Amino acid sequence: MILDDPILKLLLSTLLGAVIGWERFVDHKPAGLRTHTLVCLGSTVFVVVGERALTGAAGNASDLTRVMQGVITGIGFLGAGSIIQSGGSVRGLTTAATVWLVAAIGLAVGVGDAAVAAAVTGIALVVLRGFRWIEGAWRERHPSRHARAGRERDPS
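So, here's what we can say about the structure. (Residues numbered from 1 in each chain as written. Predicted model: local features only at pLDDT ≥ 70, side-chain atom pairs only at ≥ 80, totals over all residues. Heavy atoms only, no water.)

1. So, the overall build of the protein chain
The criterion, for reference: Secondary structure elements follow DSSP: runs of H or I of four or more residues count as helices, runs of E of two or more count as strands, with numbering from the N terminus. Burial classification: accessible surface area is computed with a 1.4 Å probe over protein chains only, and a residue below 20% of its type maximum counts as buried, one above 50% as exposed, and the rest as partly exposed. In this description, accessible areas are obtained by the Shrake-Rupley approach with a 1.4 Å probe, and a residue is regarded as covered only by the protein chains that are shown.
Counting secondary structure elements, the protein chain contains five helices and two strands. Buried residues in the protein chain amount to 30% of all 156 residues. For the protein chain, the accessible surface area stands at approximately 9800 Å², while carbon and sulfur atoms represent 65% of it.

2. Quick look at the side chain of T95
Cut-off, in case you're wondering: Contacts are residue-level and defined by heavy atoms, with any inter-residue pair within 4.5 Å sufficient.
Looking at the secondary structure, you find T95 in helix α4 (residues 93-110). With a relative accessible area of 2%, T95 lands in the buried category. Ignoring anything within four residues of it in the chain, the contact list for T95 reads R24, K29, P30, A31, H36 and S82.

3. A short note on the side chain of K9
Here is the rule we go by: Counting of polar contacts relies on pairs of N or O atoms within 3.5 Å, with two restrictions inside protein: one atom must be capable of donating a hydrogen and the other of accepting it, and residues adjacent in sequence are counted only when both atoms are side-chain atoms.
In this structure, K9 sits in helix α1 (residues 6-26). Of the polar contacts made by the side chain of K9, one reaches the side chain of E51; its length is 3.2 Å. Setting aside its immediate chain neighbours within four residues, K9 contacts L3, D4, T44, V48, E51, V109, G110, V111 and G112.

4. Observations concerning the packing of α1 against helix α5 (residues 114-141)
Filter applied, for reference: Convention adopted: a line fitted to C-alpha atoms gives each axis, helices being fitted over their contacting stretch, and angles between N-to-C directions are expressed from 0 to 180 degrees. Angular relationships are summarised with four words: roughly parallel below 35 degrees, roughly antiparallel beyond 145, roughly perpendicular across 65 to 115, and oblique for the angles in between. When residue character is reported, Ala, Val, Leu, Ile, Met, Phe, Trp, Tyr, Cys and Pro are called nonpolar, Asp, Glu, Lys and Arg charged, and the others, Gly included, polar.
Packing of α1 against α5 brings their axes to within 10 Å, and their N-to-C directions diverge by 5 degrees. When the axes of α1 and α5 are compared, the pair comes out roughly parallel. For the pair α1 and α5, contact is made by L12, L16, V19, I20, E23, R24 and V26 and by A114, A117, A118, T121, A124, L125, L128, R129 and R132, respectively. Residue composition of the contact of α1 with α5, grouped by class: 11 nonpolar, one polar and four charged.

5. Re the packing of aromatic side chains
What counts is decided by this rule: Classification of ring pairs uses Phe, Tyr and Trp, with its six-membered ring standing for Trp, and accepts pairs whose centres are within 6.5 Å; under 30 degrees between planes counts as stacked, over 60 as edge-to-face, and the remaining range as tilted.
For the structure on display, the rule yields one aromatic pair. Between W22 and F25 the ring centres are 5.1 Å apart and the planes differ by 35 degrees, which places this aromatic pair in the tilted class. Residue W22 and its partner F25 are both found in helix α1; the two are separated by three residues, about one turn of the helix. Assessed through its relative accessible area of 47%, W22 is described here as partly exposed. What makes F25 partly exposed here is its relative accessible area of 44%.

Structure representation (structure tokens):
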């Protein structure tokens, strides 16, 4: 389904960003409902505004891809800020990845590709929820393979 109406694009990106954000909120992650919703919505706004600017100017498709590239880079820095390293462990990688992903969902909505945006949202939920179950089952069967770094060092 291709969306042409900018308001529908904004509403859809708000909804899809909120779906991912709700999943993160329920798990008490640092970036939750509001953050993911706003990142998705913001990404869509950049594309919608970029398209409008190009319509009124002598722009071309490469100008819009530059707008999208700027969003991708900027969101990468935002996500990097959510990664914390402490005592040999790293936390926040999934949060950073989901922030980056909702930006991509917002960009997909912004260019009008609602089907791709909805599919990515669904796939992301499967990964976030379903893969957690798979990881937990694996860790139960193989506990020694998942000891914290630094605890199983060779004493010599």
